[in-house]
Amino acid sequence: MTITVEAEINAPLAAVWAAWTTPADIMAWNHTDDEWCCPSAEVDLKVGGIYFARMETKDGSMGFDFKGVITAVKPESCLSFKLDDGRIVAIDFTDCGNGATKVVEVLSAEKDTPEEMEQCRTGCQCILNSFKAYTETKHGKHVTPKEKVTVEVEINAPLADVWATWTAPAEIMKWKYPNDKWCCPSAEVDLKVGGVYSSRMEAKDGSMGFDFKGAFTVVEPESHLSCRLDDGREVTVDFTTCGKGATKIVEVFEPEECKPVGAQRAGWQWLLNSLKAHAEKAQDSNKVTVEAEINAPLAAVWAAWTTPADIMAWNHANDEWCCPSAEVDLKVGGVYSSRMEAKDGSMGFDFKGVITAVKPESCLSFGLDDGRNVAIDFTDCGNGATKIVEVFDAEKENSVDLQRTGWQSILNSFKAYVETKNN
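Being a predicted model, the structure only gives us computed values, none of them experimental. (Residues numbered from 1 in each chain as written. Predicted model: local features only at pLDDT ≥ 70, side-chain atom pairs only at ≥ 80, totals over all residues. Heavy atoms only, no water.)

Asker: I'm lost on the overall build of the protein in this one. Help?
Answerer: Counting its regular elements, the protein contains nine helices and 21 strands. Radius of gyration (C-alpha) of the protein: 32 Å, far over the 22 Å computed for a compact globule of 423 residues. By its C-alpha atoms, the protein is 95 × 60 × 45 Å across when sized along the principal axes. Counting only residues that meet the buried cut, the protein has 39% of its 423 residues in that class. Summed over all atoms, the accessible surface of the protein reaches about 22,200 Å², with 52% contributed by carbon and sulfur. Within the protein, the 67 negative side-chain charges are centred at a point lying 2 Å from the centre of the 42 positive side-chain charges. (Helix = DSSP H or I, 4+ residues; strand = E, 2+ residues; numbered from the N terminus. Rg over C-alpha atoms; globule rule 2.2 N^0.38 Å. Buried < 20%, exposed > 50% of the residue type's maximum accessible area, 1.4 Å probe, protein only. Areas by Shrake-Rupley, 256 points an atom, 1.4 Å probe, with all protein chains shown as cover. Lys, Arg positive; Asp, Glu negative; His and termini not counted. Charge placed at Lys NZ, Arg CZ, Asp CG, Glu CD.)

In structure tokens form, the structure reads like this:
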């Protein structure tokens, strides 16, 4: 198993090679952070020569030697050596032009578990970053990387809906403020590279307000957005589906220099939490509930709901409709399907989905092929009666009231069928 780390150094190839192979330079950069140091180093730059560096914590609490024998050396091109523990290290140096040099370091992993390998990779990259900073500073070309702050949230809503909530001006105005003392009176989005992203946030008492404005640099629908603000700062937003109708948003932004980073992080997190609350509330408003109490035992009600022959007998809204076919594979991942048709053959449709949860005589959930979800709970009311509560996501073609009426009619048909069958 090997680990690879790399960096592009804003310094000429000759200078980079010298900084890597000169003991005095190595002692200046060979550490992961400011709590460590490199008190000694030795290099005999030839095949069979030694390559050695000592790394210690500045408080003297720990330290270790990094020592090996050089196995290959090509000045200003490559260097390889074998460590005393048998691991191999190889470093390639490439002139990138314009006074820059790329360094790629490949080394055998000391441990095999993913966690230990990642820890090793992080440490090696930190040392390489230290080398980059040292070499660039020495040659007057080091640029301190801009700080970046990350906030994130998981939203119980589908990716498409979350994307629309983040990018539609009318939706932005409903959530882009931290609390009820603020509002977002205007927003503008031109969803293309170079297009504007703008919103206005104001205190409701008019005491203060500010504009958030920039231009898109990357637009990947339902996946990624990047924006450069008018003050030059960069913002990126990633959208990821988490399964079960949930979506994760990760926002990364460059903080303003004149304000505390902690306060900025809190502010951006508040906005993201506001987005979550708005998006999830919208999802709840799309859910419709119908219910009925059936004068029949729980076992009989469950059987009538999950047996294809029974479904074909009750699954219709009125006597002008019928259910000529049904299929149930009562397990997670199994199909739940029925066909509903007008008896005169003028119209019909399939109701089909995949079961996502099943607990016999208790609950049944499935996801329909159009992405909507249905959940049914069965409760023993005692005295031979059973309550059914059915919750479904409304579709967008028909009114919610029309859909509620239709689903309630089918549930009433189920009630009549089961009660008749069990009397």
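Moving on, there is more to tell.
Asker: Just checking my understanding: could you explain the packing of aromatic side chains for this structure?
Answerer: Given two aromatic rings, one states the distance between the centres and the angle between the planes to describe the pair. This model, assessed by the stated rule, comprises 26 aromatic pairs. Seen from their ring centres, Y197 and F212 are 6.3 Å apart, and the 85° between their planes marks the pair as edge-to-face. Taken as a pair, Y197 in strand β10 (residues 196–203) and F212 in strand β11 (residues 209–220) lie far apart in primary sequence, 15 residues in all. Taking relative accessible area as the criterion, Y197 reaches 2% and is therefore assigned buried. Classification of F212 by relative accessible area gives buried; the value is 17%. Here the aromatic rings of W302 and F378 are separated by 5.0 Å at their centres, their planes lie at 75°, and the arrangement is edge-to-face. In this pair, W302 is assigned in helix α7 (residues 298–306) and F378 in strand β20 (residues 373–382), connecting sequence segments 76 residues apart. We note that W302, like F378, is buried. Site record: aromatic cluster; members linked through ring pairs are W163, W166, Y197, F212, F216, F239, F253 and W268. (Phe/Tyr/Trp six-rings, centres within 6.5 Å; stacked < 30°, edge-to-face > 60°.)

Asker: I'm lost on the sheet that holds strand β15 (residues 287–294) in this one. Help?
Answerer: Where strands meet in a sheet, backbone hydrogen bonds hold them as pairs that are either parallel or antiparallel. Across the sheet, which stays open at both edges, the seven strands sit in the order β15-β21-β20-β19-β18-β17-β16 with antiparallel pairing between neighbours. Whereas interior strands pair on both sides, the edge strands pair on one side only; in this sheet they are β15 and β16 (321–328). In this sheet, neighbouring strand axes are inclined to one another by 20° on average, regardless of whether the strands run parallel or antiparallel. Sheet analysis places β16 next to strand β17 (residues 335–342), joined by six bridges and oriented antiparallel. (Pairing = 2+ DSSP bridges. Axes fitted to C-alpha atoms, helices over the stretch in contact; angles between N-to-C directions.)

Asker: Got a minute to help me understand the packing of α7 against helix α9 (residues 400–421) in this structure?
Answerer: Packed helices, taken two at a time, are described by their axes: the angle between them and the distance between them. The interhelical angle for the contact between α7 and α9, taken along N-to-C directions, is 125°, at an axis separation of 11 Å. By the angle between their axes, α7 is oblique relative to α9. Handedness of the crossing formed by α7 with α9: right-handed. Together, V301, A304 and W305 of α7 and L411, F414, Y417 and V418 of α9 make up the contact between the two elements. Classifying every residue of the contact of α7 with α9 by side-chain character gives seven nonpolar, no polar and no charged. (Parallel < 35°, antiparallel > 145°, perpendicular 65-115°, else oblique. Left-handed = near helix turned anticlockwise from the far one by under 90°. Contact = heavy atoms within 4.5 Å. Nonpolar A, V, L, I, M, F, W, Y, C, P; charged D, E, K, R; others polar.)

Asker: Where do I start with the sheet that holds strand β3 (residues 50–57) in this structure?
Answerer: The seven strands are arranged β1-β7-β6-β5-β4-β3-β2 in an open sheet whose pairing can be described as antiparallel. Single-partner strands in this sheet number two, and they are β1 (2–9) and β2 (36–43). Neighbouring strand axes in the sheet, compared pairwise and without regard to direction, differ in orientation by 20° on average. Bridge count for β1 against strand β7 (residues 100–108) is eight bridges, and the pairing is antiparallel. When the sheet's bridge partners are listed, I9 is paired in β7 with T101. Against the sheet, helix α1 (residues 13–21) touches β1, β2, β3, β4 (63–74), β5 (78–83), β6 (88–97) and β7, its axis set at about 160° to β6. Sheet strands touched by helix α3 (residues 114–138): β1, β3 and β7. Its angle to β1, the strand with the most contacts, is close to 20°.

Asker: What exactly am I supposed to notice about the pattern of salt bridges here?
Answerer: Oppositely charged side chains may form a pair once their charged atoms are brought near each other. Under the defined criterion, the tally for this structure stands at 24 salt bridges. A salt bridge links D25 to K138, with the nearest nitrogen and oxygen atoms 2.8 Å apart. With D25 in helix α2 (residues 23–29) and K138 in helix α3, this pair connects stretches of sequence that are 113 residues apart. For the salt bridge of D231 with R233, the shortest nitrogen-to-oxygen distance reads 2.9 Å. A residue is classified by how much of its surface remains accessible, and D231, at 48% relative accessible area, is partly exposed. (Salt bridge = Lys/Arg side-chain N within 4 Å of Asp/Glu carboxyl O.)

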